[in-house]
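Letter by letter, the chains look like this.
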Amino acid sequence: QMALSGVNMIFATSFGYGPDVNNVAARFPNVKFEHATGYMQDQPNVSLYNARFYEGRAVIGHIAGRMTQTNTIGYIASFPIPEVVMGINAAYLHARAVNPDVQFRVIWAYSWYDPAQEAAAAEALIEQGADILMQHTDSTAPITIAQDRGILAFGQASDMTAFAPEAHLSAILDVWAPYYIERIQARIDGTWEAGNDWSGIPEGTVGFAPFNDRIPADVLAEAEAMIEDIRSGAYHPFTGPINRQDGSAWLAEGEVAPDGDLLGMNFYVEGMTGDVPN
């Protein structure tokens, strides 16, 4: 409907739109398509873009590992796609690095936005002993549950502080505007070309909501130092040695994960319990 209406550029902003984007793009070669978090690029008028959210999740994993009192962190996941799996792994690795006793409990919501489902998941994780919640879903339900239950939580995609000022420690921000402006300008100028953009903290695509004063000063200083190291390129959150969940070697000492491994990630790292759904 959008293409038929005469628009000349379409942003498809969810992973599952991939097949339809490529099907429609084949019928409308003069329309430029931008697909977020996808991998299908069958047509020359389809471009891909994503954000390195794992960088932000490494930072909040560090904070969570330092602040948990029960050594149990709850994680509400959306869909078992590489973007989400690598976020869980990044958060866990950095929580474990500062707290070897930490455990992650993951509940899959199979939705990006379902307040009732997310609230139920939050309650279940708290019952399992989690005193800090993370989410890769978009409603404010988990953080409001956290506040009601007297625990801590990290939001997702936007600053959710107003919904749970006591519980909300921070949130990873999806800062898409600069990319959208750049790509739309390229379309206007006639210089648009299909590409595959994957940017993060250095480019400003991944940001953070204000950090809550409840985060101890030394923990906040450590988190900010990690952010700066990622921004400068001095640190990559997936740097070996890292093993897969079954104990087999993945990254050797000092080895940095190739983008191809991350973009196809379908496994947990060593120490995680449970299975990645198929």
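The rules behind each value
- Along each chain, residues carry numbers from 1 onward, in the same order as the chain's sequence is written.
- Residues qualify for local features only when their pLDDT is at least 70, as the model is predicted, and side-chain atom pairs are given and counted only at 80 or more; totals for whole chains, interfaces and linings, by contrast, use all residues.
- Side-chain measures were taken over the full set of non-hydrogen atoms in the model, leaving aside hydrogen atoms and water.
- When DSSP finds two or more bridges between two strands, those strands count as paired.
- A helix here means a DSSP run of H or I that spans at least four residues, while a strand means a run of E at least two residues long, and both kinds are numbered starting from the N terminus.
- The axes are straight lines fitted to the C-alpha atoms, using for helices just the contacting stretch, and the angles between their N-to-C directions are given from 0 to 180°.
- What makes a nonpolar core is a set of buried Ala, Val, Leu, Ile, Met, Phe, Trp, Tyr and Cys residues whose side-chain atoms join them at distances within 4.5 Å.
- Categorising residues by exposure relies on relative accessible area from a 1.4 Å probe, with only protein chains included: less than 20% of the type maximum marks a residue as buried, more than 50% marks it as exposed, and the intermediate range marks it as partly exposed.
- The contact criterion used is simple: two residues touch if any of their non-hydrogen atoms lie within 4.5 Å.
- Just so you know how the angles are binned, under 35 degrees is roughly parallel, over 145 roughly antiparallel, 65 to 115 roughly perpendicular, and the rest oblique.
- Should the near helix be turned anticlockwise from the far one by less than a right angle, the crossing is termed left-handed; should it be turned clockwise, right-handed.
- Ten residue types, Ala, Val, Leu, Ile, Met, Phe, Trp, Tyr, Cys and Pro, are classed as nonpolar, four, Asp, Glu, Lys and Arg, as charged, and the remainder, Gly among them, as polar.

**Q** In this structure, what is going on with the sheet that holds strand β3 (residues 46-51)? I would like to understand it.
**A** The pairing of strands in a sheet comes from backbone hydrogen bonds and takes either a parallel or an antiparallel form. Judged by pairing direction, the sheet is parallel, and its 4 strands sit side by side in the order β1-β2-β3-β9 without closing on themselves. Edge strands, defined here as strands with exactly one partner in the open sheet, are β1 (9-12) and β9 (196-199). Going across the sheet, the axis of each strand differs from the next one's by a mean of 15°, ignoring polarity. Bridge analysis of β3 against β9 gives 4 bridges, and the strand direction is parallel.

**Q** Where do I start with the nonpolar core in this structure?
**A** The tendency in soluble globular proteins is for nonpolar side chains to be buried side by side. The biggest cluster of nonpolar side chains holds 57 residues, and the ones touching the most others in it are Ile88, Phe104, Phe238, Trp250 and Leu262. When residues in this core are grouped by element, the largest group, 9 residues, is from helix α3 (residues 82-98). Sequence-distant contacts of isoleucine 88, defined by excluding residues within four places in its chain, comprise Tyr75, Ala77, Phe104, Val106, Trp108, Tyr268 and Met272. Leu125, Ile143, Ala146 and Ala164 belong to the second-largest nonpolar core, a separate cluster that totals 18 residues.

**Q** Looking at this structure, how should I read the packing of helix α2 (residues 53-67) against helix α7 (residues 217-232)?
**A** A pair of packed helices can be characterised by two numbers: the angle between their axes and the separation between those axes. It is at 10 Å that the axes of α2 and α7 come closest, and there the two elements cross at 160°. Here α2 lies roughly antiparallel to α7, going by the angle between them. As α2 packs across α7, the resulting crossing turns out to be right-handed. For the pair formed by α2 and α7, the contact residues are Glu55, Ala58, Val59, His62, Ile63 and Arg66 on the first element and Asp218, Val219, Glu222, Ala223, Met226, Ile227 and Ile230 on the second. Of the residues contributing to the contact of α2 with α7, the split by class is 8 nonpolar, 1 polar and 4 charged.

**Q** Got a minute to help me understand the environment of valine 31 in this structure?
**A** Turning to its location among the elements, valine 31 is positioned in the loop between α1 (18-27) and β2 (32-36). Classification of valine 31 by relative accessible area gives buried; the value is 6%. Put simply, valine 31 and glycine 6 are 25 residues apart on the chain and 8.8 Å apart in space, counted from C-alpha to C-alpha. In this structure, valine 31 is in contact with Val7, Asn8, Met9, Ile10 and Asn45, ignoring residues within four places of it in sequence.

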